[in-house]
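# Summary of the model geometry
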Amino acid sequence: MEIIIRDDYASVSQQAAVAVADLLRAQPQAVLGLATGSTPLGLYQELIRLHREENLDFSQVTTFNLDEYVGLAADHPQSYHYFMHDNLFRHINVPHENIHIPDGTASDYRAFCESYEARIESCGGIDLQVLGIGSDGHIAFNEPGSSLASRTRIKTLARQTIDDNARFFDSVDDVPIYAITMGVGTILDARKIILLANGANKASAVADAVEGPVTSMCTASVLQNHPDTIFFLDTEAADQLKMADEYRWIQDNKPGAP
């Protein structure tokens, strides 16, 4: 696990975008796993800029989103279909047929989840997975207590997650209580993982994920066991890390560092 601490959200987003862009330039047919929520917005804005200004090409890229609310149609303003098209896909040249987002209105959710896993496998697996982290340490919608070997499935959302996401809806009562989500095991299959976190409200979860025990009560902690994971953090999100100075020292003294 590599920990990169930057001064602010803009710097975190820009450096994370460099990691994605480096992969796409080396591997134009890469498979990306993508996240929603406020955290990756800066990353997506920077990828859009790189596409427009530096010709970053998405024409051979395939994408798989982590999750979607159950019961929200693709055109619902709070659906993750809507979010991804509004904030990324309509601004870049990824082919529509290469975009995969869980179907929150599927008629047979179990069959859909199985087919989603199969589609990821048929595309060769995810090369780079983008993650955020919940205030309770969850990744995707793998709430505390989720199996660390779980696969794509329907998950009941924790009360904390519903409360956290209520700001996107008219009221907390409008937040769906179920979601389709990639499982922890599905996420761990990605060859490379980048997790972005910013703000003081994520500091406790980040500390638990990076320096706490590996436990299903903080599903992000399992990333300690992944061979190629980078946490991109701003100073506020890194504030509770006991070894923050050591992580900065390591970054400053890596081979090839300026």
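Attention in this report is confined to the structure presented alongside it. (Residues numbered from 1 in each chain as written. Predicted model: local features only at pLDDT ≥ 70, side-chain atom pairs only at ≥ 80, totals over all residues. Heavy atoms only, no water.)

## Looking at the sheet that holds strand E10 (residues 229-234)
Put simply, the rule is: Pairing between strands is defined by DSSP: at least two bridges between the two strands are required. Secondary structure elements are taken from DSSP: a helix is a run of H or I of four residues or more, a strand is a run of E of two residues or more, and numbering for both begins at the N terminus.
Taking strand neighbours across the sheet as the criterion, the seven strands line up as E1-E10-E9-E6-E2-E3-E5 in an open arrangement whose pairing is parallel. The open sheet is flanked by strand E1 (2-6) and strand E5 (99-100), the only strands paired with a single partner. Where strand E6 (residues 128-131) lies against strand E9 (residues 192-197), four bridges are found, and the strand directions are parallel. Bridge assignment links Leu 131 to a residue of E9, and that residue is Leu 195.

## Let's talk about helix H1 (residues 9-26)
Three- or four-residue spacings in an α-helix give side chains the same orientation, since the helix completes a turn every 3.6 residues. This is how the line gets drawn: The span expected for a helix works out to 1.5 Å for each residue beyond the first. For the exposure calls, accessible area comes from a 1.4 Å probe over protein chains only, and a residue counts as buried if that area is under 20% of its type's maximum, exposed if over 50%, partly exposed in between. Any two residues having at least one pair of non-hydrogen atoms within 4.5 Å are treated as being in contact.
Between its first and last C-alpha atoms H1 spans 26 Å; for 18 residues at 1.5 Å apiece the expected length is 26 Å, and the two agree. Listed as buried for H1 are Val 12, Ser 13, Ala 16, Ala 17, Ala 19, Val 20, Ala 21, Leu 23 and Leu 24. Against the buried residues of H1 lie E1, strand E2 (31-34), helix H2 (41-54), E6, E9 and E10.

## Thoughts on the packing of aromatic side chains
Here is the rule: By convention, a stacked pair of Phe, Tyr or Trp rings (six-membered ring in the case of Trp) has centres within 6.5 Å and planes under 30 degrees apart, an edge-to-face pair has planes over 60 apart, and any other such pair is tilted.
Overall, the coordinates contain six aromatic pairs when judged by the stated rule. Considering the side-chain rings of Tyr 69 and Phe 141, the 5.7 Å spacing of their centres and the 45 degrees angle between planes classify their relative orientation as tilted. Of this pair, Tyr 69 sits in strand E4 (residues 67-69) while Phe 141 sits in the loop between E6 and strand E7 (153-156), and the two are 72 residues apart along the sequence. Just as Tyr 69 is buried, Phe 141 falls in that class too. Taken together, a centroid distance of 5.7 Å and an interplanar angle of 80 degrees make the contact between Tyr 69 and Phe 169 edge-to-face. In this pair, Tyr 69 sits in strand E4 while Phe 169 sits in the loop between helix H5 (159-165) and strand E8 (178-181), placing the two residues 100 residues apart along the sequence. Of the two residues, Tyr 69 and Phe 169, neither departs from the other in class, the shared state being buried.

## Observations concerning the nonpolar core
The criterion, for reference: Nonpolar cores are built from buried Ala, Val, Leu, Ile, Met, Phe, Trp, Tyr and Cys residues. Side-chain atoms within 4.5 Å join them into one set.
By size, the foremost hydrophobic cluster in this structure holds 73 residues, and its most contacted members are Leu 43, Leu 47, Phe 89, Ile 194, Phe 232, Leu 233 and Leu 241. Look past the residues within four positions of Phe 232 in its chain and what remains in contact with it is Ile 4, Val 12, Gln 15, Ala 16, Ala 19, Ile 194, Leu 195, Leu 196 and Ala 197.

## Re the layout of surface pockets
Which parts of space are left empty comes out when a probe the size of a water molecule is rolled across the atoms. Note the threshold: Of the grid points, spaced at 1 Å and generated over the protein atoms alone, those admitting a 1.4 Å probe that cannot get out make up cavities, while open sets with protein on both sides within 12 Å along at least five of seven lines make up pockets; any residue with an atom within 4 Å of a point is treated as lining. Grid points are joined across faces, edges and corners, and a volume is the space filled by probe spheres set on the points. Under the scheme applied, nonpolar residues are Ala, Val, Leu, Ile, Met, Phe, Trp, Tyr, Cys and Pro; charged residues are Asp, Glu, Lys and Arg; polar residues are all the others, including Gly.
A volume near 690 Å³ is recorded for the largest pocket. Contributions of two or more residues to the lining of the largest pocket are made by E4, helix H3 (80-87) and H5. Among the elements that line the lining of the largest pocket, the one with the most residues is H3, at five residues. Taken together, the residues of the lining of the largest pocket sort by class into 15 nonpolar, 15 polar and five charged.

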